[in-house]
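Fold and contact review
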Amino acid sequence: MADRTPIEIAEELLQLVKSIYGTSDSTSIADQEAYDAKKRVQYLSQLITRRVAGPLEYTILLAESCHESAALRFVAEYGVADVIGDGIKTLSDISKEVKVNARYLSRYTVSSMKLPIKHQRIGAAMNCMHMHGYFEEVQGSGNSRAFRNNAMSDVLRETHPQSLRAAIGFICDDAFKAAAYLAEAAREGEQPAVKGAPTALNLAFGFEGPAFKHWANADHAWRGKRMGQAMKQLHQMANANVVTDFDWRALQSPLVDLGGGIGTLEMALTEAYPESTLNFIIVDIAETVRNALSIWKTQPSEARNRVCYVAGDFLASTLEGTRIPYGQPTYLIRHVLHDWADDEVVAILKNVRAAMLSTPLEDAIAADGRSLPVSHSPAKTPRLLLCEMLLQERSGRFAYTTSIQVLALNNGIIRTKSEMVALLERAGFRVVKSHAMRAADSILEAVPEDV
Ligand SMILES: C[S@@+](CC[C@H](N)C(=O)[O-])C[C@H]1O[C@@H](n2cnc3c(N)ncnc32)[C@H](O)[C@@H]1O
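Residues numbered from 1 in each chain as written. Predicted model: local features only at pLDDT ≥ 70, side-chain atom pairs only at ≥ 80, totals over all residues. Heavy atoms only, no water.

This part covers the overall build of the protein chain. Per the secondary structure count, the protein chain includes 19 helices and 12 strands. Against the globule reference of 22 Å for 451 residues, the protein chain gives a C-alpha radius of gyration of 24 Å, in line with a compact fold. Principal-axis analysis of the C-alpha atoms places the extent of the protein chain at approximately 75 × 55 × 55 Å. Within the protein chain, the fraction of its 451 residues that count as buried is 46%. (Helix = DSSP H or I, 4+ residues; strand = E, 2+ residues; numbered from the N terminus. Rg over C-alpha atoms; globule rule 2.2 N^0.38 Å. Buried < 20%, exposed > 50% of the residue type's maximum accessible area, 1.4 Å probe, protein only.)

Shown next, in the form of structure tokens:
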């Protein structure tokens, strides 16, 4: 395919765009087909840009894209879209209202442009964002440039229902800084691989241990909170259809969600299926559980009553130490395994398998003191659902950029389906079904081998 001409690519692109948005028979396109077609359109658009730009320009654009991330973070972190709100603001108004370091607020003028430096800094970031279609530039009074929000910049607003502010912070601050140290981390972890060699995140933020220690650190508790919120926003962007495209209601209750975080999936499922009898037990590290319990306080009581938390450690060296509920019918691991290297993934999966096959405990208590809604008779055919992003032919940019991100954060990786199946088999599982969805994630359904 490498030698296709820009015209051939554009022709395929046009056909696909017509099939999605176009004329007469466009409405007959099935949901999954339309989803796949949109992914292909994104791929072809990138391909045509590459062909038209050529190796020199495209490579430099790729290298420079880190500065676009920086502009996005600048604008999001200072709440520029929030400051503009529903009105129109000049660069001067925006500069006055955003809270920036005193040096950036300096009023020195640049003689050639007669503009305060702070306006120019914001102006450079706004230019970059505006070039990508964020904000609408409107006529300001005199020489001043003025902007209002549009559909693109609305998602940068804190209070927008589809806000991506936390996700931008997590990606363009924690993950971006970590990724800048990937080359150094790779050098320190030279072969033979040194267990415990620093990750890129360790080098960037000066601490030892897994990434989750960074987000659990009370000295910057806001980072932990932001990370939880970011996961929710990222799922909303890439995996909203996971709620509808898999039959969650058919699962046997309770569902034990390992590393379930703040319970983003549970919030979506309890909202989408209020009548369902599926209950949830989320096992996560103590700091995340603390965060999650405070977030759940604001959820409707019908939803809250269906969700319990256990503070545990799926990597503990004893089964008891994991606090994973024993003998339950359904276990879920979502967006967790990509954070860990192969041996750690196998250790997590072995712990889950052992818990699945153990006799349920009578006095299981949740983190907030309630009784866990456990099933007391051991499940005959316990199931493990792995809901993870898998690298596959139709994977878009997001899968590849996330793979770099998880590598930088915790030495993780986005795996192919066969790599994931091999790890499940090493841990004593057999994959019985694979579910494709209109989402970045897929679900692999596995049962313990020989049971
Ligand atoms: C990327 S988040 C995924 C959260 C959630 N499953 C979701 O899809 O939104 C990974 C989660 O694993 C949890 N985690 C990390 N180490 C853990 C451990 N040793 N035991 C249990 N949970 C852990 C983190 O606290 C975090 O909530």
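Take the site of the ligand next. Around the ligand sit 16 residues, and of these Gly259, Asp284, Thr288, Asp313 and Arg334 come closest. Its free accessible area being 590 Å², the ligand has 94% of it covered by the protein chains. Along the lines of polarity and charge, the residues of the shell around the ligand split into 5 nonpolar, 7 polar and 4 charged. (Near = heavy atom within 4 Å. Areas by Shrake-Rupley, 256 points an atom, 1.4 Å probe, with all protein chains shown as cover. Nonpolar A, V, L, I, M, F, W, Y, C, P; charged D, E, K, R; others polar.)

Turning next to the packing of helix α1 (residues 6-21) against helix α2 (residues 31-77). Between two packed helices, the angle of one axis relative to the other and the distance separating the axes together describe the packing. Remark: α1 packs on α2, axes separated minimally by 9 Å, with the N-to-C direction vectors making an angle of 155°. Taken together, the axes of α1 and α2 lie roughly antiparallel to each other. Taken as a pair, α1 and α2 cross one another with a handedness that is left-handed. The segment α1 lies against α2, with Pro6, Ile9, Ala10, Glu12, Leu13, Leu16, Val17, Ile20 and Tyr21 engaging Ala37, Lys38, Arg40, Val41, Leu44, Ser45, Leu47, Ile48 and Arg51. Among the residues forming the contact of α1 with α2, the class breakdown is 13 nonpolar, 1 polar and 4 charged. (Axes fitted to C-alpha atoms, helices over the stretch in contact; angles between N-to-C directions. Parallel < 35°, antiparallel > 145°, perpendicular 65-115°, else oblique. Left-handed = near helix turned anticlockwise from the far one by under 90°. Contact = heavy atoms within 4.5 Å.)

Ranked by internal contacts, the top residues of the largest apolar core, which has 36 residues, are Leu258, Ile333, Leu337, Leu349 and Leu384. Listed by contribution, the elements that provide at least two residues to this core are β6 (255-258), β7 (280-284), β8 (307-311), β9 (330-334), α17 (342-356), β10 (383-389), α19 (417-426) and β12 (441-448). It is α17 that provides the largest number of residues to this core, a total of 7 residues. Apart from residues no more than four positions distant in its own chain, Leu337 is found in contact with Val345, Ile348, Leu349, Leu386, Glu388, Arg415 and Met420. (Core = buried A, V, L, I, M, F, W, Y, C linked by side-chain atoms within 4.5 Å.)

Let us now look at the sheet that holds strand β5 (residues 145-148). Judged by pairing direction, the sheet is antiparallel, and its 3 strands sit side by side in the order β1-β5-β4 without closing on themselves. Single-partner strands in this sheet number two, and they are β1 (88-90) and β4 (136-139). Pairs of neighbouring strands in the sheet enclose a mean axial angle of 40°, with direction left out of account. (Pairing = 2+ DSSP bridges.)

Quick look at the environment of Asp284 now. You can see Asp284 is positioned in strand β7. Separated by 26 residues in the primary sequence, Asp284 and Val310 have C-alpha atoms spaced 6.6 Å apart. When sequence neighbours within four positions are dropped, the list of residues in contact with Asp284 reads Gly259, Gly260, Gly261, Val289, Val310, Ala311 and Gly312.

Of all 8 residues making up β12, 8 are buried, and the element is well covered by its neighbours. Covered by surrounding structure in β12 are Asp441, Ile443, Glu445 and Val447 together with Ser442, Leu444, Ala446 and Pro448, the residues of both alternating faces. By the bridge criterion, 6 bridges tie β10 to β12 in an arrangement that is antiparallel. Looking across to β12, one finds that Leu384 is bridged to Ala446. In this structure, strand β11 (residues 429-435) lies alongside β12, joined through 6 bridges in antiparallel fashion. Among the inter-strand pairings, Lys433 is bridged to a residue of β12, identified as Glu445. In this antiparallel pair of consecutive strands, β11 and β12, the connection spans 5 residues.

So, about the domain arrangement of the protein chain. Taken domain by domain, the protein chain comprises domain 1 (6-66), domain 2 (78-154) and domain 3 (182-448). Computed from C-alpha atoms alone, the centre-to-centre distance between domain 1 and domain 3 is 33 Å. Between domain 1 and domain 3, the contact holds 6 residues from the first and 7 residues from the second. Contact between domain 1 and domain 3 buries roughly 560 Å² in total, counting both sides, with carbon and sulfur atoms accounting for 53%. Taken as a group, Gln32, Tyr35 and Gln46 account for 66% of the area that domain 1 buries against domain 3, more than any other trio of residues on that side. Here Arg438 ties to Asp31 by a salt bridge, and the two come within 3.4 Å at their closest N and O atoms. The interface formed by domain 1 and domain 3 includes 3 residue pairs in polar contact (both at pLDDT 80 or more). Of the residues contributing to the side of domain 1 that touches domain 3, the split by class is 1 nonpolar, 2 polar and 3 charged. (Domains from an automatic or database assignment. Buried area = accessible area lost by both parts, 1.4 Å probe. Salt bridge = Lys/Arg side-chain N within 4 Å of Asp/Glu carboxyl O. Polar contact = N/O pair within 3.5 Å; in protein donor to acceptor, adjacent residues only side chain to side chain.)

We now examine the sheet that holds β12. The 7 strands lie next to each other as β8-β7-β6-β9-β10-β12-β11, forming an open sheet whose pairing is mixed. If you trace the sheet from one side to the other, it starts and ends with β8 and β11, each paired once. Each adjacent strand pair in this sheet contributes to an overall mean axis angle of 25°, direction not counted. Of the strands in this sheet, β6, β9, β10, β11 and β12 are in contact with α17, which crosses β9 at around 165°.

What follows is about the packing of helix α7 (residues 165-179) against helix α18 (residues 397-410). Axis separation between α7 and α18 bottoms out at 8 Å; the angle between their running directions is 65°. Here α18 runs roughly perpendicular to α7, going by the angle between their axes. For the crossing formed where α7 meets α18, the hand is left-handed. For the pair α7 and α18, the contacting residues are Phe170, Ile171, Asp174, Ala175, Ala178 and Ala179 in the first and Gln405, Ala408 and Leu409 in the second. Here the contact of α7 with α18 is composed, by residue class, of 7 nonpolar, 1 polar and 1 charged.

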